[in-house]
Amino acid sequence: MLLVFSIPVFAAEPTDDIVDIAVGNPDFSILVSALQKAELVETLQGEGPFTVFAPTNDAFAKLLEALDITAEELLAQPDLAKVLTYHVVAGKVMSGDLTDGLEADTVNGGKVKFDLSGDPKVNDANITSVDIEATNGVIHVIDTVLVPENFTLQEVDMEETVAPETGIPASFPFLLTAIGTAGAAMLVYKKKEA
């Protein structure tokens, strides 16, 4: 897949922050749940600027399969914030600022590396969409969750796990992805009746 980096000539000023954009895009529902669980929503609504490499729901599904854990177990990980902050670079880094072999420090304290020799990548993740501007930074979409070296998968007691702040069960975004839009509408309707 060839991804062309371009800067729009007549781009409107962004009106939403990074979190607002993520909340408004159903492909980021798992990311939003994770940000809520790790208590990072307020941070990413801050002044910034931030550059976020945002994994899609499909990226999280691949991670769950690779780690052989459930969505609930992922959201209950004590090191969840380490994973999420590994996707954030301080400053606003547009696609045109990236160079092949560039390394960038993440908010997590680790480094990510860019490979632009073929399809553009950050570490092993393909960058599938670029330059989604927010009032406090920019989002680039990736197809794989970046896992930092300082993340340790831990066994968690699921009986003590609490749902995210939304009150929606932690597994809900994963259910939406799995059953598709028609089923999702039904689930939302039934959820509101309860």
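As a reminder, the structure under discussion sits directly above these lines.
Residues numbered from 1 in each chain as written. Predicted model: local features only at pLDDT ≥ 70, side-chain atom pairs only at ≥ 80, totals over all residues. Heavy atoms only, no water.

**Student:** Is there a simple way to explain the overall build of the protein chain in this structure?
**Tutor:** Summing up its helical and strand segments, the protein chain has seven helices and seven strands in all. Within the protein chain, the proportion of its 194 residues that are buried is 42%. Long-range contacts, defined here as pairs at least 24 residues apart, represent 66% of the contacts in the protein chain between residues at least 6 apart. Working note: accessible area of the protein chain is about 10600 Å², and carbon and sulfur atoms make up 54% of it. (Helix = DSSP H or I, 4+ residues; strand = E, 2+ residues; numbered from the N terminus. Buried < 20%, exposed > 50% of the residue type's maximum accessible area, 1.4 Å probe, protein only. Contact = heavy atoms within 4.5 Å. Areas by Shrake-Rupley, 256 points an atom, 1.4 Å probe, with all protein chains shown as cover.)

**Student:** Just checking my understanding: could you explain the nonpolar core for this structure?
**Tutor:** Of all hydrophobic cores here, the largest spans 33 residues; its most connected members are Leu 31, Leu 44, Val 52, Leu 74, Leu 80 and Leu 84. Broken down by secondary-structure element, the contributors of at least two residues to this core are helix 1 (18-23), helix 2 (29-37), strand 1 (50-55), helix 4 (57-67), helix 5 (71-75), helix 6 (80-85) and strand 7 (137-142). Top element by residues in this core is helix 2. It accounts for five residues. Residue contacts for Leu 44: discarding those within four places in its chain leaves Ile 18, Val 19, Leu 35, Phe 50, Val 52, Val 88 and Asn 136. One finds Phe 53, Val 89, Val 112 and Ile 142 within the second-largest nonpolar core, a separate group that totals 14 residues. (Core = buried A, V, L, I, M, F, W, Y, C linked by side-chain atoms within 4.5 Å.)

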